[in-house]
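One letter stands for each residue in the lines below.
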Amino acid sequence: MASRRDFIKISSLGFGGMALGLTACDLFKQTGAALKGGASVFSRVPTYCEVCFWKCAAWAYQNKEGTLVKLEGIENDPHCHGRLCPRGTGGLGMYEDSDRLMTPLIRVTENGQQTYRPASWEEAFDLIERKWKETINTYGPESMALFKHGSSGDHFGTLFKALGSPYSTSPSYAQCRGPREVGFYTTFGSYINSPEPTDIRDTRCLVLIGSHIGENMHNGQVQEMADAIDKGADIITVDPRFSTAASKSTHWLPIKPATDLALLLAWIHVIIEEGWYDKEYVERHTVGFEQLKRHVRNMTPEWAYGITTIKPEQIRETARVMANASPAVIVHPGRHVVWYGDDTQRTRAIAILNALLGSWGRRGGFYFPESKSLPSMEHPPYPKPRWSWDMVMGDKYPLAGSSVSNALVDASIPGMVDEQYRIRSWMVSGTNLPETMPDKQQFLKAVEALDFIVVVDTMPMEITGYADVVLPECTYLERYDSLRSSPGREPSVALRAPAAEPKGDSKPASWMAKELGKRMGLDDFFPYEDYSEVLDWQLKQLGTSLEAMKKVGVKNYERENPYLYMPEGVDWPFNTPSGKIELYSSTLKQYGFDPMPNYVEHPQAPEGFYRLIYGRAPAHTFSRTSNNPYLSDLMKENALWVNPKVAKLWGLEKGQKIWLKNQDDVVSSFPIKVRVTERIRWDSVYMVHGFGHQRKELTRAYGRGASDTEMITNVMVDPIMGGTGMRGNFVTFILEDPKEIG
Ligand SMILES: Nc1nc2c(c(=O)[nH]1)N[C@H]1C(S)=C(S)[C@@H](COP(=O)(O)OP(=O)(O)OC[C@H]3O[C@@H](n4cnc5c(=O)[nH]c(N)nc54)[C@H](O)[C@@H]3O)O[C@H]1N2
Ligand SMILES: Nc1nc2c(c(=O)[nH]1)N[C@H]1C(S)=C(S)[C@@H](COP(=O)(O)OP(=O)(O)OC[C@H]3O[C@@H](n4cnc5c(=O)[nH]c(N)nc54)[C@H](O)[C@@H]3O)O[C@H]1N2
Ligand code: SF4
Ligand SMILES: [Mo]
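Cut-offs and rules
- Each chain carries its own residue numbering, running from 1 in the direction its sequence is written.
- Chain A is the first chain written and ligand 1 is the first ligand written, with later ones labelled in order.
- Note on the predicted model: pLDDT of at least 70 is required for a residue's local features to be given, and 80 or more for side-chain atom pairs to be given and counted; whole-chain, interface and lining totals, by contrast, use all residues.
- As a rule here, side-chain values cover all heavy atoms of the structure and leave hydrogens and water aside.
- Put simply, the grid is 1 Å and covers the protein atoms alone, a cavity is a trapped set of points that fit a 1.4 Å probe, a pocket is an open set with protein on both sides within 12 Å along at least five of seven lines, and lining residues have an atom within 4 Å of a point.
- Grid points are joined across faces, edges and corners, and a volume is the space filled by probe spheres set on the points.
- Ten residues, namely Ala, Val, Leu, Ile, Met, Phe, Trp, Tyr, Cys and Pro, are considered nonpolar, four, namely Asp, Glu, Lys and Arg, are considered charged, and the remaining ones, Gly among them, are considered polar.
- Consider each residue's heavy atoms; a residue with any of them within 4 Å of a molecule or strand counts as near.
- What qualifies as a polar contact is a pair of N or O atoms within 3.5 Å, subject to a donor-acceptor requirement within protein and to the restriction that residues adjacent in sequence count only when both atoms come from side chains.
- Residue exposure ignores everything except the shown protein chains as possible cover, and the areas themselves are Shrake-Rupley values with a 1.4 Å probe.
- Elements are defined by DSSP. Helices are runs of H or I of four residues or more, strands are runs of E of two residues or more, and each kind is numbered from the N terminus.
- Side-chain atoms within 4.5 Å are what join buried Ala, Val, Leu, Ile, Met, Phe, Trp, Tyr and Cys residues into a set we call a nonpolar core.
- Buried residues are those whose accessible area, probed at 1.4 Å on protein chains only, stays under 20% of the maximum for their type, while exposed residues exceed 50% and partly exposed ones sit between those limits.
- By definition, residues are in contact when any of their heavy atoms lie within 4.5 Å.

Asks: So what exactly am I meant to see when it comes to empty space enclosed by the protein here?
Replies: If a probe as big as a water molecule is rolled over the atoms, it shows which places are left empty. For the structure shown, the criterion picks out three cavities of 30 Å³ or more. If you trace the largest cavity, you find 13 residues lining it, with Cys49, Cys52, Cys56, Cys85 and Gly88 closest to the centre. Here the residues of the lining of the largest cavity are counted per class, giving eight nonpolar, three polar and two charged.

Shown next, in the form of structure tokens:
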């Protein structure tokens, strides 16, 4: 049985195949160089990591000169247990990156060419104030939209609410986890949220359906999965690719992509027909069992075999493994679940399977998380917008629980929405939309039509190239930010305090939002001179203070709700229309959707094409780290995983550079190196998301590898909640430089 150390080591070797010898250890050596070279640690400041959204709490260590030398996880932090992942350690690179934005920029036309000129904050704010006032006077604040991701979004979120805009959106809903939230909500009446309340630590069986934990480096989950493996838990991984998780699994099911729903329904069939479900739990807590039983009657493993290519005996055996572990079993809800446009239904099937196994609210299954609610300082009530965000969608996506970023892009395009609802002005902070949202053409049409775009970023990413004004934010290591209060087994609060002075003329979002608020006459919504005052006030309400928190970084609280798990023998109230777990969803039925999931066939690749699938690498986060000096050292570019059979057919060699062309004739801007490997099915190719950057200003990332997003032009939108299914795109290979072919 693999040990925990093995697992972590192997996960960092996930990219070792390409960058052999360079492991997380080298990264530690580099980032800790000043320390190991003799410089001693002088002081430390607490922060929480912004390299991804797991938000691990960390100490930022400084030497005597006040230079940042090292980041380390905080011991009692439930997100990281004292250990950062390689990306978190490399967070110093975000601060040190010589390509950072250092000053505001204003778009100007010089000699007929558009370019940016450096500007003062005063000039940048003057222009924004003028343009925003014009827009608001003409169309109202309802014509302004905020696209945000990460902690800067909190501050601009307040600003947009104060302005009276109904539009504030993040790609983490419709480009990421939205479908699973709706799938679980319609079943259990609860959202999953982040971090997922999966009790992996104590599970006896973890089922991962396209969840590639280990490459998906969400820290706490990776550590808990390693613990579970150590304790002998069964891991069942369903993935067309032999992922790191698959390599650690007792069962790997190399499914034909886009057919998971058939496998899930067959599992449900077996568990019901063989009588392996948790009878007492199902009887007490669920509605719709008889309907479900009838529904899946013919969805046998033999039926699913023809669709999924997974053998019937394997389907039965893995169903038995789950049932044996019940209720300490987790069929993981996944996280990035926008795959094929029927994603709410797929995640519903996952939720139903968990319900039959009795894992919801049980030890080793799903626990009930608790968080500390943060008090907010007094401010005037927010103005009520004349319409709400869902008005732009008409009767589309009726169960969207949060605003749908792609719907807001559509609502910015003339003719796509009733003219009165059209969005005219964007503010974008902490999200690299051209690499994050599929269907670039749609994005470009919106950008073309908009009157004004403000972008806040730390780096000259693709999105900044579309801005009228670029505002440089200092990195998370140079600022105070909102307290991290996240749900978990126990409530936990973490502080982010500045560990260095902002570089150049960069500033925190909390300051920008306040200054812009002042100019728009909204001072009252920003009752602080410096954001630390808000933190101190909030922390005092929570029985501590800013000074005290600076010494500890993280404070964990006792639970107030005693029920980490459901008490046995009690009718637990579920927040669904029936008050029970809905195996048959009355809500979906009411909106005209299948009340129980059905398998629908998706198109397969045309002759000579392969399905493009994508995922994460342990050393990188989306497109944000590819220019990071430490992390780009670990992995400079992505590669295209190609099955040896396919490589032979095309005469492709390991390391050969090829270009990709998709089903809509879009050709990749840059070539990508081939990696020939049995670890991918013959019908698909795989690459890590976040490479193939288009901006020369990103000196370490420009032109390195290919962008998956560029190839994603066919988007299958989930009719239930608006998620953008991105895995129905097929690519073929171009062996010669297309620019030379002409
Ligand atoms: N093709 C494709 N598209 C995807 C995905 C995929 O796998 N493939 N994944 C999807 C998923 S799961 C998600 S969650 C989204 C993620 O989407 P995004 O959050 O847009 O991801 P990033 O590409 O990392 O872009 C983050 C941007 O924030 C900037 N930034 C970093 N730190 C700060 C800061 O402190 N302040 C400010 N103001 N800016 C900062 C970075 O420089 C970068 O421009 O993408 C989705 N889109
Ligand atoms: N290192 C690192 N970790 C991260 C992130 C990061 O950027 N870097 N981002 C974080 C975020 S925001 C998210 S949302 C998560 C995303 O991570 P996850 O939710 O775990 O994964 P996905 O990106 O949905 O899926 C990737 C896996 O799905 C497989 N796959 C592709 N098609 C199919 C299919 O049809 N069926 C099945 N069963 N599998 C398929 C791929 O081979 C790949 O292994 O990662 C998080 N963790
Ligand atoms: S998982 Fe890694 S990158 Fe994400 S917050 Fe934690 S240390 Fe940072
Ligand atoms: Mo995500």
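Additional details are given in the paragraphs that follow.
Asks: Sorry, what's going on with the site of ligand 1 here?
Replies: Of all residues adjacent to ligand 1, which total 30 residues, the nearest are His149, Thr431, Thr436, Asp457 and Ser623. In this structure, Asn432 approaches ligand 1 through a main-chain N or O atom, which is 3.0 Å from an oxygen atom. Expressed as a share of its isolated accessible area of 920 Å², the protein-covered part of ligand 1 is 98%. Counting only elements with at least two residues in the shell around ligand 1, the list comes to helix 8 (171-188), helix 18 (433-436), strand 14 (452-457) and helix 26 (708-711). Take the shell around ligand 1: its biggest share by element is three residues, from helix 8. Of the residues assigned to the shell around ligand 1, the class counts are 10 nonpolar, 13 polar and seven charged.

Asks: What is the right way to read the site of ligand 2 from this model?
Replies: Near ligand 2, the surroundings consist of 31 residues, among which Asp239, Asp260, His336, Tyr340 and His620 are the closest. The contact in question runs from an oxygen atom of ligand 2 to an N or O atom on the side chain of Trp339, over 3.4 Å. Taking 920 Å² as the accessible area of ligand 2 by itself, protein coverage stands at 99%. Along the lines of polarity and charge, the residues of the shell around ligand 2 split into 15 nonpolar, eight polar and eight charged.

Asks: Would you mind going over the nonpolar core with me for this structure?
Replies: Note that soluble globular proteins tend to have their nonpolar side chains buried in a common cluster. By size, the foremost hydrophobic cluster in this structure holds 71 residues, and its most contacted members are Met225, Trp267, Leu292, Met322, Leu353, Leu356 and Trp360. Tallying contributions element by element places helix 11 (residues 260-273) first for this core, with 11 residues. Beyond its immediate stretch of four places on either side in the chain, Trp267 contacts Val207, Ile209, Ile236, Val238, Leu253, Ile315, Thr318, Ala319, Met322 and Leu353. Formed by 64 residues, the second largest nonpolar core is a distinct cluster that contains Trp54, Met94, Met512 and Leu546.

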